[in-house]
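A structural walkthrough
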There are 2 protein chains.
Amino acid sequence: MATQPAAQRRAEAKVMYDAFVATCPTRQVLAMIGDKWVGLTVAALSNGPMRHGQLRARIAGASQKMLTQTLRLMERDGLVTRTVTPTVPLRVDYELTALGRTLVPVLTAVKEWSETHIAEIMAARDAYEARTSS
Amino acid sequence: MATQPAAQRRAEAKVMYDAFVATCPTRQVLAMIGDKWVGLTVAALSNGPMRHGQLRARIAGASQKMLTQTLRLMERDGLVTRTVTPTVPLRVDYELTALGRTLVPVLTAVKEWSETHIAEIMAARDAYEARTSS
DNA sequence: CGGCATCCCATGCGATACTG
DNA sequence: CAGTATCGCATGGGATGCCG
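Residues numbered from 1 in each chain as written. Chains lettered and ligands numbered in written order. Predicted model: local features only at pLDDT ≥ 70, side-chain atom pairs only at ≥ 80, totals over all residues. Heavy atoms only, no water.

As annotated in an unreviewed UniProt entry, chain A is HxlR family transcriptional regulator from Actinocrispum wychmicini.

Remarks on the relation of the copies chain B and chain A
Here the two chain copies are tied together by a rotation about an axis and a shift along that axis. This is how it is decided: In this comparison the copies share one frame, found by least squares on the C-alpha atoms of residues holding pLDDT of at least 70 in both. Throughout, a contact is declared for two residues whenever any of their heavy atoms are within 4.5 Å.
Superposing chain B onto chain A takes a rotation of 180° plus a shift of 0.0 Å along the axis, which leaves an RMSD of 0.1 Å. Taken together, the turn and the small shift mark the pair as related by a two-fold rotation axis. Among all residues of chain B, the minimum C-alpha distance to the rotation axis is found for B:Gly34, at 1.9 Å. Interface overlap between copies: 100% of the residues of chain B at the interface are likewise at the interface in chain A, consistent with a symmetric, same-surface contact.

Examining the sheet that holds strand 1 (residues 50–51) of chain A
All names here are of chain A. Quick note on the threshold: Here a strand pair is declared whenever DSSP counts at least two bridges between the two strands. A helix here means a DSSP run of H or I that spans at least four residues, while a strand means a run of E at least two residues long, and both kinds are numbered starting from the N terminus.
Strands sit in the order 1-3-2 across an open sheet of three strands; the sheet is antiparallel. Looking at the sheet topology across the chains shown, the edges are occupied by strand 1 and strand 2 (80–85). Strand direction decides the pairing type here: strand 2 and strand 3 (residues 91–96), joined by six bridges, are antiparallel. Counterpart to Arg 82 in the pairing with strand 3 is Tyr 94.

A few points about helix 4 (residues 52–59) of chain A
Residues and elements named next belong to chain A. The test is simple: Residue burial is assigned from relative accessible area. The probe radius is 1.4 Å, only protein chains are included, and a residue is buried under 20% of its type maximum, exposed over 50%, and partly exposed in between. By definition, the arc is the one covered by directions from the helix axis to the C-beta atoms.
Regarding helix 4, the residues found buried are His 52, Leu 55 and Ile 59. Down the axis of helix 4, the smallest arc covering the buried residues is 60°, so these residues share one side. Immediately downstream of helix 4, the backbone of Ala 60 shows phi near 35°, a positive value.

As for the protein's contact with DNA strand D
Defined as follows: Consider each residue's heavy atoms; a residue with any of them within 4 Å of a molecule or strand counts as near. Polar contact criterion, stated in full: a pair of N or O atoms within 3.5 Å, where within protein one must be able to donate a hydrogen and the other to accept it, and residues adjacent in sequence count only if both atoms are side-chain atoms. Residues are grouped as follows: Ala, Val, Leu, Ile, Met, Phe, Trp, Tyr, Cys and Pro are nonpolar; Asp, Glu, Lys and Arg are charged; every other residue, Gly included, is polar.
Around DNA strand D lies a shell of 17 residues, among which A:His52, A:Arg82, B:Ser63, B:Lys65 and B:Met66 are the nearest. Backbone atoms, meaning sugar plus phosphate, form 66% of the atoms of DNA strand D positioned within 4 Å of the protein. Within the contact set of DNA strand D, a phosphate oxygen lies 3.4 Å away from a side-chain nitrogen or oxygen of A:Arg72. A distance of 2.7 Å separates a phosphate oxygen of DNA strand D from a polar atom in the side chain of B:Ser63. Taken together, the residues that form the surface near DNA strand D break down as five nonpolar, five polar and seven charged.

Set out below in structure tokens:
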């Protein structure tokens, strides 16, 4: 079948894109903080260490699985420390690292932009709905 | 079976969470800019209007479907304008709105945080790998 | 050229049940 | 109490082909 130019170009582009993503810090970080639960977790921990169960209660809506998964991810990326106290029953505390705390202002900036512009966004959505459903 | 406390509490918590998310500006915005392609698209358009095809080439890795979908979403949220010139062949230009441009500094802040701390993150990942695969 | 509809696979994520 | 494993549905997103 010789070559399949279109498909091949696509494949190459994808590889290049993947490589790009792999080396682009911003994309990685955006994926991280854009994660469904990371933002909330950082916010919850910004007041001090919390136990797994406390976080569960604080975040309400995250399944236990998702919370664990999110915390593991954040631990891996050096945003939180995980401290196990092997008593019975077990006790596990999570705390923001120095790196994790530097993320707080960034999330605050996003938060402020959000609160400032949410009304415009909602208005745009309403206008869009009105325009398209006519 | 009277009531099913656990399941019921879960259900209620979920409803409350959904309501919370629906009204929490930050979560909505985080979901928006955390979207796989929105960040790159804003970056691409920050230099001026671009045509659909140009964006395709610029972003390389986004399928046509995803690009269109992303642009629609951004149009809906009032971040970009979509201008159709009904020539043959068709020509469509996208441009950031005033609202869209206010988002640029926020993304820039994220970008700067990323570039500053990516090394730490990578180091944390390596350390984590080394620790867990031992 | 740009957009939409269809098909289809990969992944995300919740529910549940079990282990330490 | 914290975590893991399994299942199953819902969604994301790519490929392709047709229409304006």
